[in-house]
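A closer look at the structure
Each chain, written out:
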Amino acid sequence: MSITIHSLSKRFGSFTALDRVELEIPKGELVALLGPSGCGKTTLLRIIAGLESADEGNILFDGEDTSARHVRDRNVGFVFQHYALFQHMSVFENIAFGLRVRPRARRPSEEQIRAKVQELLSLVQLEWLAGRYPSQLSGGQRQRIALARALAVEPQVLLLDEPFGALDTKVRKELRRWLRRLHDELHITSVFVTHDQEEALEVADRIVVMNHGRVEQIGSPQQVYDAPATPFVYQFLGHINLFHGRAHSGWVRLGGLRIQAPEYQNTESMPAIAYVRPHDIDLLREPEDSDTTISATVVRVSSLGSLVRLELLQDSDGESTEVEMTRERYAADPLQAGDQVFVKPRYLRVFLNDDPKRTPPVHWNGDGDGI
Amino acid sequence: MPFRLKQRNVLPGFNLAMGYTLLYMCLIVLIPLSAAFIKTAGLSWADFWSIVTAPRVLASYRLTFGASLIAALINTSAGLFIAWVLVRYSFPGKRLIDALVDLPFALPTAVAGIALTALYAGNGWIGSYLALLGIKVAFTPLGIVVALIFISMPFVIRTVQPVLEDLEPEVEEAAACLGATRWQTFRRIILPAIRPALLTGFTLAFARSIGEYGSVIFIAGNLPMVSEITPLLIVTKLEQYDYRGATAIAVVMLVISFLLLLLINLLQRWSHQRYTT
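The rules we used
- Residues numbered from 1 in each chain as written.
- Chains lettered and ligands numbered in written order.
- Predicted model: local features only at pLDDT ≥ 70, side-chain atom pairs only at ≥ 80, totals over all residues.
- Heavy atoms only, no water.
- Phe/Tyr/Trp six-rings, centres within 6.5 Å; stacked < 30°, edge-to-face > 60°.
- Helix = DSSP H or I, 4+ residues; strand = E, 2+ residues; numbered from the N terminus.
- Lys NZ or Arg CZ within 6 Å of the ring centre and 35° of its normal.
- Buried < 20%, exposed > 50% of the residue type's maximum accessible area, 1.4 Å probe, protein only.
- Contact = heavy atoms within 4.5 Å.
- Salt bridge = Lys/Arg side-chain N within 4 Å of Asp/Glu carboxyl O.
- Polar contact = N/O pair within 3.5 Å; in protein donor to acceptor, adjacent residues only side chain to side chain.
- Nonpolar A, V, L, I, M, F, W, Y, C, P; charged D, E, K, R; others polar.
- pLDDT = per-residue confidence, 0-100.
- Pairing = 2+ DSSP bridges.
- Axes fitted to C-alpha atoms, helices over the stretch in contact; angles between N-to-C directions.
- Patch = residues over 30% accessible without salt bridge, like charges linked within 9 Å, V, L, I, M, F, W, Y side chains within 5 Å.
- Areas by Shrake-Rupley, 256 points an atom, 1.4 Å probe, with all protein chains shown as cover.
- Parallel < 35°, antiparallel > 145°, perpendicular 65-115°, else oblique.
- Left-handed = near helix turned anticlockwise from the far one by under 90°.
- 1 Å grid on protein atoms, 1.4 Å probe; cavity = no way out; pocket = protein on both sides within 12 Å on 5 of 7 lines; lining within 4 Å.
- Points joined across faces, edges and corners; volume = space filled by probe spheres on them.

1. Here we look at the packing of aromatic side chains
- Evaluation of the coordinates by the stated rule reveals 13 aromatic pairs over all chains.
- Consider the rings of B:Trp45 and B:Trp49, whose centres lie 6.4 Å apart with planes at 25 degrees: the pair is stacked. Of this pair, B:Trp45 and B:Trp49 are both found in helix α2 (residues 45-52), 4 residues apart, which corresponds to roughly one turn of the helix.
- Members of the aromatic cluster, joined through ring pairs, are A:Tyr234, A:Tyr275 and A:Phe351.
- Positioned above the aromatic ring of A:Phe86 is the side chain of A:Arg149, whose terminal nitrogen or guanidinium carbon lies 4.5 Å from the ring centre.
- A cation over a ring is seen here: A:Arg258 above A:Trp251, with NZ or CZ 4.1 Å from the ring centre.

Following this line, the structure appears as structure tokens:
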């Protein structure tokens, strides 16, 4: 079932949780709502489920408006961060609950219920836990049971609210791969909320980045990481370095760096910020050209498994810069703390400081001209 | 496992704490209660039996335990309802109502009895209207139930309230997502969760009602065989210097109360075990 969200707004008192959100979720996709806490992602998910109602706008399931439909008639499966299992029921009864509460005419027979629960238990690979109670399960097991329970009613849409948020790192990684495989098997339209960018990048077909109740960008994991549409997306996904400077009649000056920026041809001395990923920076021993490098001093070198991270301080203004490179590359020229280097961004994007949404970003690939 | 009095435990002070507990229980509960049994033991078995099975005494048992049961049952449902309203809704004056709940605990029971009698008497504010309907409350067993409801009201509310507050709203939302109606959610999800607290509240209200004396004697009218409660009979016997008769009845009351509370506790354990093991 496809989901269309049209101009959805929600306020809690004076706080705007959602501000005219537009979103289209195609049938069978696994979509991540990604954003910091308080960005409205959970509220959006709860409104889709019908657990919360919107102030304005509507939500269409397969083109049909759902606003008037009660939660229990929406046929959505909802998985909660803290599992929300029924503590006084066995695992079996938890999963069977959705079938048992159906009106008598649509209620399956006891054998059918038993068969369905067994099928779901084997789907989540926990057949041997049928007789246990939720308090006897580990966090990962509980969440899988919660998922089986949600799937028991054969929902058209599966909604997951930070499903792995309460689990430890190792289990979380296992479980998100497992969720991905499960989705590839079932192809049920799914939306999951997360504030963990790694999780979103790894699991989702598509990522919706949200901030302050608005959608900042919608795209494939690669799109949002490689081509962030706004400074916020840049900062939220992955590490970044900021270079503060000014844009003036077609040029952007950032410390010692001068870049051509035809987009800002008519801009008169506006504050601008350049965003550079730590792995998009080259470090040179000698200045190449005063306009394309910034001199800096290495402060710290730390090894992070396959990567080496260097912390630098820019000589001109003392701003810190982070650079990441592969182990091999570092081994070719091992810099030490105290060494003088020249920073050369390979790829950066410039946003004007005043309103990041209105002005087009400048892409720069390190050769001095805008793309 | 064989019973061992002393176990290795990370919590220190077991001996001291256990000794203090036993001493306290003996001084406050066991010694006074056993005094009643010792005093009664002065009676011959035949005398004892004739005292405790006198028709007037039997009628008072029925009234005391019956009225207490009815009052506790009414307070269980009403208390659940009030606790629900206090937990689930926010409204102006909520804290005031929350504070009012405890008032029956603080009020001298005689004051409650007199106030209720004045209200429910044939010429009282409420009693005069009920009289038009042909209902007599004051000076009847019904009046006793009203008094018992009043004095045992806070128990169920105060035991259920914290449990309701701790119930995760998510659990109810999960039930709704799975297609359960509000009633199904209440019956299958909420009620099992609060059942132990409800039972505890019921037990406390019931026990409190059995022992109540002060408020009941004003509203009951105290007609022998009709509206005379067992505690009153005991006091009457004491006033006639019939100490043995009084303790005999008290012993019977104690035994019945103890058996009932034991039964409820077993019920409690059984309902608790069903989902914690």
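Once you've had a look at it, read on.
2. Regarding the environment of B:Lys39
Residues and elements named next belong to chain B.
- By the element assignment, lysine 39 lies in helix α1 (residues 14-40).
- By relative accessible area, lysine 39 is classed as partly exposed at 42%.
- With 120 residues separating them along the chain, lysine 39 and threonine 159 place their C-alpha atoms 37 Å apart.
- Apart from residues lying up to four places away in sequence, lysine 39 is in contact with Tyr243, Arg244 and Thr247.

3. Details of the interface of chain B and chain A
- Every contact between the two is made by 20 residues of chain B and, on the other side, 23 residues of chain A.
- Summed over the shared surface of chain B and chain A, the number is 1 salt bridge.
- Here B:Glu173 ties to A:Arg46 by a salt bridge, and the two come within 2.7 Å at their closest N and O atoms.
- On the surface where chain B and chain A come into contact, there are 3 residue pairs in polar contact (both at pLDDT 80 or more).
- Those elements that provide at least two residues to the side of chain B that touches chain A are α10 (169-177), α11 (182-211) and α14 (243-276) of chain B.
- Take the side of chain B that touches chain A: its biggest share by element is 7 residues, from α10(B).
- Tallied by class, residues from the side of chain B that touches chain A come to 10 nonpolar, 4 polar and 6 charged.

4. Topic: the confidence of the model for chain A
- Averaged over every residue, the pLDDT of chain A is 86; residues scoring 70 or more account for 95%.
- With pLDDT under 50 throughout, residues 367-371 of chain A is counted as low confidence; its partners more than four residues away or in other chains account for 13 contacts.

5. Some points on the pattern of salt bridges
Residue and element names in this part refer to chain A.
- For the coordinates displayed, the defined rule picks out 35 salt bridges over all chains.
- Across the pair lysine 170 and glutamate 174 runs a salt bridge whose closest N-O atoms are separated by 3.6 Å. Taken together, the residues lysine 170 and glutamate 174, both in helix α6 (residues 169-186) and 4 residues apart, mark about one turn of the helix.
- On the basis of relative accessible area, glutamate 174 is assigned to the partly exposed category, the value being 47%.
- Its salt-bridge partner being aspartate 282, residue arginine 346 comes within 2.5 Å of it at the nearest N-O pair. With arginine 346 in the loop between β19 (340-345) and β20 (348-352) and aspartate 282 in strand β15 (residues 281-284), the pair connects residues that are 64 residues apart, well separated along the chain.
- Here arginine 346 falls in the partly exposed class, since its relative accessible area comes to 30%.
- Look at aspartate 282 and you get buried, because its relative accessible area is 18%.

6. Notes on the sheet that holds strand β9 (residues 206-211) of chain A
Residue and element names in this part refer to chain A.
- Sheet architecture is open: 6 strands sit in the order β6-β7-β8-β3-β9-β10, paired in mixed fashion. The outermost strands of the open sheet, each flanked by one partner alone, are β6 (76-79) and β10 (214-219). Averaged over all pairs of adjacent strands, the angle between their axes in this sheet comes to 15 degrees, without regard to strand direction.
- Both strand β3 (residues 30-34) and strand β8 (residues 189-194) contribute to a ladder of 5 bridges, which runs parallel.

7. Brief notes about a nonpolar patch on the surface
- A surface patch of nonpolar side chains, about 990 Å² in accessible area, is lined by B:Tyr20, B:Leu23, B:Tyr24, B:Met25, B:Leu27, B:Ile28, B:Val29, B:Leu30, B:Ile31 and B:Leu33.
- Relative to the helices and strands, B:Leu30 resides in helix α1.

8. Side note on the packing of helix α3 (residues 55-88) of chain B against helix α8 (residues 141-151) of chain B
Residue and element names in this part refer to chain B.
- The N-to-C vectors of α3 and α8 enclose an angle of 50 degrees; their axes lie 9 Å apart at closest approach. Put simply, α3 runs oblique to α8. Like other packed secondary-structure pairs, α3 and α8 cross with a definite hand, here right-handed. Touching Leu63, Ala67, Ser68, Ile70, Ala71, Ile74 and Asn75 of α3 are Pro141, Ile144, Val145, Leu148 and Ile149, all from α8.

9. A look at the layout of surface pockets
All names here are of chain B.
- In this structure, the largest pocket spans a volume of roughly 400 Å³.
- What lines the largest pocket is a set of 16 residues, among which Leu33, Met253, Leu254, Ser257 and Phe258 lie closest to the centre.
- If one sorts the elements of the lining of the largest pocket by residue count, α14 sits on top with 5 residues.
- Grouping the constituent residues of the lining of the largest pocket by class yields 14 nonpolar, 2 polar and no charged.

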